[in-house]
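# Topology and contacts: notes
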Amino acid sequence: ESLCRIIELESALLDDCNVNDVYGICQGKALPEALRPDVWQVCLDVRHKSDQMSLFNEIYDLPFQGQLREDCQRHVDRMGNEEEDKVSVVSDLESIITFYCKNRNLQYEPENGWIELLLPLFALKLNRSDTFNLFEAIRDTYIPKGCRPKGNVFHVFRLLLLYHDPELCTLLDTKKITPDLYSLTWFQSLFASCSSLSVIIAMWDLYFQNADPFMVFFLALIILINGREQILQMRGSSKEEIVKFLGNMPVALEMDDVPDFCSLAQYYALKTPTSFKTDYLKALYGTQNDSPRSQEEDSKVSQALCLPVSVYELVENSATEFPVVDAVRFFLVDCRPAEQYNAGHLSTAFHLDCNLMLQEPVAFATAVQGLLTAQRQAIEANSNAGGEHLCFMGSGRVEEDQYTHMVVASFLQKNTHYVSLLTGGYASIHDYFGDHMADCLEDHNVRKCLVCQQHNVQQTKSAPQKVSAGPSSTDLFSKFSAAMKSKSAEVKGKLLDIIVNPSANGGGGAAAGGSNGAAPPAALSQERHVSAKERNGKRYRNVAPVFSIDDENEEALDGPTELDAPQLAGDGKEIVNLNHYFKTADIINAFKCQEVHMSGYMYDSHLIITPGHLVVLRELGRGQAQIMVRRPLASIVKITAKKRHRDLITFKYGFPDGDGLLITDMDRFLIPNAAVATAKVSKQIVKVLENDK
């Protein structure tokens, strides 16, 4: 069989084949050594590329030329070749990288992975020009941009790890071990910097046949998951010890491990939403640029709560009658308030009212148990609505989706596998279906649907925009509608047996409706937010702090953008021993609470009132805490609480501005018995102001 495959491959190479032909013949197996140079050139599409090195003027005058030459010499010395071979390899290495820098207008930096990426190519014994073409193609096709400390590639890799192994991800987050600290060289050199030459050759044989630029993410994931037990046992080790252990993990790979290693990577790729690749392809493998749009995309990646799922993937996935075994199958969780859900929803969506989490925690816990039971039953029944992969859906409206994010964060904090978030929420589904809405949405009420109301206000008479992630057609909608409707009664019957949503009753519905009311014009005109650059002006004086029950959408949503990003423990802030701090600090009152971020993350904390300050301590475990903020009490100008969530308290800081207030910053907490805490804070503020008179 092996001989037949070699003959077939030789014949294909003579017939000018492509990478698909190669994979069809080799089926992801190792390549014959004699044919490897030709096959790699075919897979990387450089077989007929011109001799670019002929344009090199052989002038070595880069500002960093000396450093480059030293680095080339050092790497080649490690290889242990014959002295004559070393001179030739060093010369070619320096020539190729020098020309690459000049041709692409790039700067060489030590430890950037270029030399390690080039060295395995010299094993092919190609001429200098062909080697250059292979190197350039690998860099362009398979090395993601952002391969630098804190680069985008590592934010994306963390999301992938969080999706498949949240416990391991949480441990590394707690230790403040970001992926760039241990995997930078993996991504820069496709593991060439940390594996033997024989392993790299075998791995690249399979890598180039698969022609998937994202394979490096899944290979890196397999390395971590394969060593997860050892990593979890290192909880008590120092950050440096764990980073060193992680970075050296690929060194243990042997040639015999490579086929299984790559097969597992492909298996995990199959178990990952395809949106992972489609959404991040441009951010990771597009043209390098620093345009405002590109920076905005980078910011979205770094601040993502979990893996995104596009509306196209969700719809297509739900409409598939006979999915591939082990492929992604979604269980959709609709987190919108009850009144919005009742005005239109997908028939297979499980409704989990996100407001319950703060309003009725016991009912929320019951609902979550019901969700998990319904998911298990749907999977056992092989229902279209059943899948291991939880896809949460908000409304697509920022002011409400902060609560959806809280729900998602609560699942992540419980180490729930396969958690994702629908990009654009319900609004994206609504727009996607367009004219087919009546067939695809259940109980859709045009008069009560918020998306329809918004479209009417905007007087949008044109047809709804379709998501451009993929093709759409009447056939797909019909297929979706038939698949969904056939399972609707079955799913609803199971869900109704498990959950009764308290907020769906008259009283709860009325309260929920109140949260969508518009703020009175006077309230909008009297309070505004400023950016960090504008935070100057006179200190707050002689204006009594206001504690109000705020029934409107809190203005915090329009606040400074830096408040939106979750602050990770350890951003250069003071760490204290809790017992020692409570004994020695000048504390008037202390309240156990949870610090709430706009991202949805909630941190166990302590709200401390001192004679002049409001201090927030975030628990780190083992009796330690971190001082997150120390706010002067005199800077608090407003304390608000939601009418429906009286324990969710927002402290706003700023100063008077004419007849209104200028808000410069804010903190938000979930405080048990919040009325007592806010009364104590207000009382101390009055004292501070009286003393300042």
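Residues numbered from 1 in each chain as written. Predicted model: local features only at pLDDT ≥ 70, side-chain atom pairs only at ≥ 80, totals over all residues. Heavy atoms only, no water.

### Section: the overall build of the chain
Within the chain, the secondary structure is distributed over 30 helices and 15 strands. Considering the chain as a whole, with its 693 residues, one finds that 53% of them fall into the buried category. Summed over its atoms, the accessible surface of the chain is roughly 32,100 Å², and 50% of this surface lies on carbon and sulfur atoms. (Helix = DSSP H or I, 4+ residues; strand = E, 2+ residues; numbered from the N terminus. Buried < 20%, exposed > 50% of the residue type's maximum accessible area, 1.4 Å probe, protein only. Areas by Shrake-Rupley, 256 points an atom, 1.4 Å probe, with all protein chains shown as cover.)

### Some points on the state of the cysteines
For the structure on display, the rule yields zero disulfides. Its sulfur unpaired, Cys17 is 8.0 Å from the next cysteine sulfur, which belongs to Cys43. (Disulfide = S-S within 2.5 Å.)

### Section: helix H2 (residues 19-26)
Listed in full, the buried residues belonging to H2 are Val19, Val22, Ile25 and Cys26. Down the axis of H2, the buried side of the element spans an arc of 125°, and every buried residue falls inside it. Where H2 is buried, its residues meet helix H1 (2-14), helix H3 (36-43) and helix H11 (197-210). With a side-chain oxygen lying 3.0 Å from the backbone nitrogen of Asn20, the N-terminal cap of H2 falls on Asn18. Once H2 finishes, Gln27 follows within two positions and takes phi at roughly 55°, a positive value. (Arc of directions from axis to C-beta. Contact = heavy atoms within 4.5 Å. Polar contact = N/O pair within 3.5 Å; in protein donor to acceptor, adjacent residues only side chain to side chain.)

### Brief notes about the pattern of salt bridges
Using the criterion set out here, one finds 24 salt bridges in the structure. Note that Lys102 and Asp61 form a salt bridge whose closest N and O atoms lie 2.9 Å from each other. Of the two residues, Lys102 is situated in helix H5 (residues 83-104) and Asp61 in the loop between H3 and helix H4 (65-79); the sequence distance between them amounts to 41 residues. (Salt bridge = Lys/Arg side-chain N within 4 Å of Asp/Glu carboxyl O.)

### As for unusual backbone geometry
Even without being glycine, Asp45 reaches a positive phi, approximately 55°. On the secondary structure map, Asp45 appears in the loop between H3 and H4. Its identity is not glycine, yet Asn673 carries a phi of approximately 55°, on the positive side.

### As for the packing of aromatic side chains
Inspection of the entire model under this criterion finds 34 aromatic pairs. Aromatic pair Trp40 and Trp204: ring centres 5.9 Å apart, planes at 50°, arrangement tilted. Taken together, the residues span a long stretch of sequence, with Trp40 in helix H3 and Trp204 in helix H11 at a distance of 164 residues. Look at Tyr100 and Phe135: their rings are 5.0 Å apart centre to centre, the planes differ by 75°, and that puts the pair in the edge-to-face class. With Tyr100 in helix H5 and Phe135 in helix H7 (residues 128-142), this pair connects stretches of sequence that are 35 residues apart. By way of ring pairs, the aromatic residues Phe56, Tyr60, Phe64, Phe99, Tyr100, Tyr108, Trp114, Phe132 and Phe135 are connected into one cluster. The lysine or arginine in question, Arg336, covers the ring of Tyr426, its NZ or CZ lying 3.7 Å from the ring centre. (Phe/Tyr/Trp six-rings, centres within 6.5 Å; stacked < 30°, edge-to-face > 60°. Lys NZ or Arg CZ within 6 Å of the ring centre and 35° of its normal.)

### Focus: empty space enclosed by the protein
This model, assessed by the stated rule, comprises five cavities of 30 Å³ or more. As for the second largest cavity, its lining consists of Arg336, Gln340, Ala343, Gly344, Ser395, Arg397, Tyr426, Ala427, Cys449, Leu450, Val451 and Gln454. Ranked by the residues each element gives to the lining of the second largest cavity, the list is headed by helix H25 (residues 450-457), at three residues. (1 Å grid on protein atoms, 1.4 Å probe; cavity = no way out; pocket = protein on both sides within 12 Å on 5 of 7 lines; lining within 4 Å. Points joined across faces, edges and corners; volume = space filled by probe spheres on them.)

### So, the pairing of strand E10 (residues 602-609)
The element E10 is largely enclosed, with a buried count of seven among its eight residues. Bridge count between strand E9 (residues 589-596) and E10: eight bridges; the pairing is antiparallel. Paired with Lys592 across the two strands is His606, which belongs to E10. Pairing geometry for E10 and strand E11 (residues 613-621), over five bridges, is antiparallel. Paired with His606 across the strands is Leu617, a residue of E11. (Pairing = 2+ DSSP bridges.)

### Quick notes on helix H9 (residues 166-174)
Those residues of H9 that sit buried are Pro166, Leu168, Cys169, Leu171 and Leu172. Against helix H8 (152-164), helix H10 (180-189), helix H12 (215-226), helix H13 (228-232), helix H14 (239-247) and helix H22 (398-413) lie the buried residues of H9. Once H9 finishes, Lys176 follows within two positions and takes phi at roughly 60°, a positive value.

### A few points about the nonpolar core
If you look at the biggest cluster of nonpolar residues, it comprises 148 residues, and the most contacted ones within it are Trp204 and Phe217. Counting residues per element, this core draws most heavily on H12, which supplies 11 residues. (Core = buried A, V, L, I, M, F, W, Y, C linked by side-chain atoms within 4.5 Å.)

### A closer look at the sheet that holds strand E5 (residues 419-422)
With parallel pairing, the five strands of this open sheet are ordered in space as E1-E5-E4-E2-E3. The open sheet terminates on both sides in strands that have one partner only, identified here as strand E1 (307-309) and strand E3 (350-351). Strands in contact with helix H18 (residues 311-319) are E1, strand E2 (330-334), strand E4 (389-393) and E5; relative to E2, the strand with the most contacts, it is inclined by about 120°. (Axes fitted to C-alpha atoms, helices over the stretch in contact; angles between N-to-C directions.)

### Considering the pairing of E2
Most of E2 is tucked away, with five of its five residues classed as buried. Here E2 shows no split at all, with Phe330, Leu332 and Asp334 on one side and Phe331 and Val333 on the other all buried. In terms of strand pairing, E2 meets E4 through five bridges, oriented parallel. The residue bridging Val333 from the neighbouring strand is Phe392, located in E4. Alignment of E2 against E3, held across two bridges, turns out to be parallel. Bridged to Val333 within E3 is Phe350.

### As for the side chain of Asp212
Tracing the backbone through its elements, the reader meets Asp212 in the loop between H11 and H12. For Asp212, a relative accessible area of 18% puts it in the buried group. Within the structure, the side chain of Asp212 is placed 3.0 Å from the backbone nitrogen of Phe214, a separation counted as a polar contact. Dropping the residues within four chain positions of it, Asp212 is found in contact with Tyr142, Tyr207 and Lys277.

### A closer look at the confidence of the model for the chain
Averaged over all residues, the pLDDT of the chain equals 81, while 79% of them reach at least 70. Note that pLDDT drops below 50 for residues 288-292; the model gives that stretch three contacts with residues more than four away or on any other chain. Here residues 483-526 is a poorly scored stretch, pLDDT under 50, and it has 71 contacts once near neighbours within four places are set aside; other chains count. (pLDDT = per-residue confidence, 0-100.)

### Structural notes on the packing of H18 against helix H23 (residues 425-433)
Their axes nearest at 10 Å, the elements H18 and H23 cross at an angle of 70°. The angle between the axes of H18 and H23 places the two elements in the roughly perpendicular class. For H18 against H23, the interelement crossing comes out right-handed. Every residue of H23 that contacts H18 at Val311, Tyr312, Leu314 and Val315 is listed here: Ser428, Ile429, Tyr432 and Phe433. (Parallel < 35°, antiparallel > 145°, perpendicular 65-115°, else oblique. Left-handed = near helix turned anticlockwise from the far one by under 90°.)

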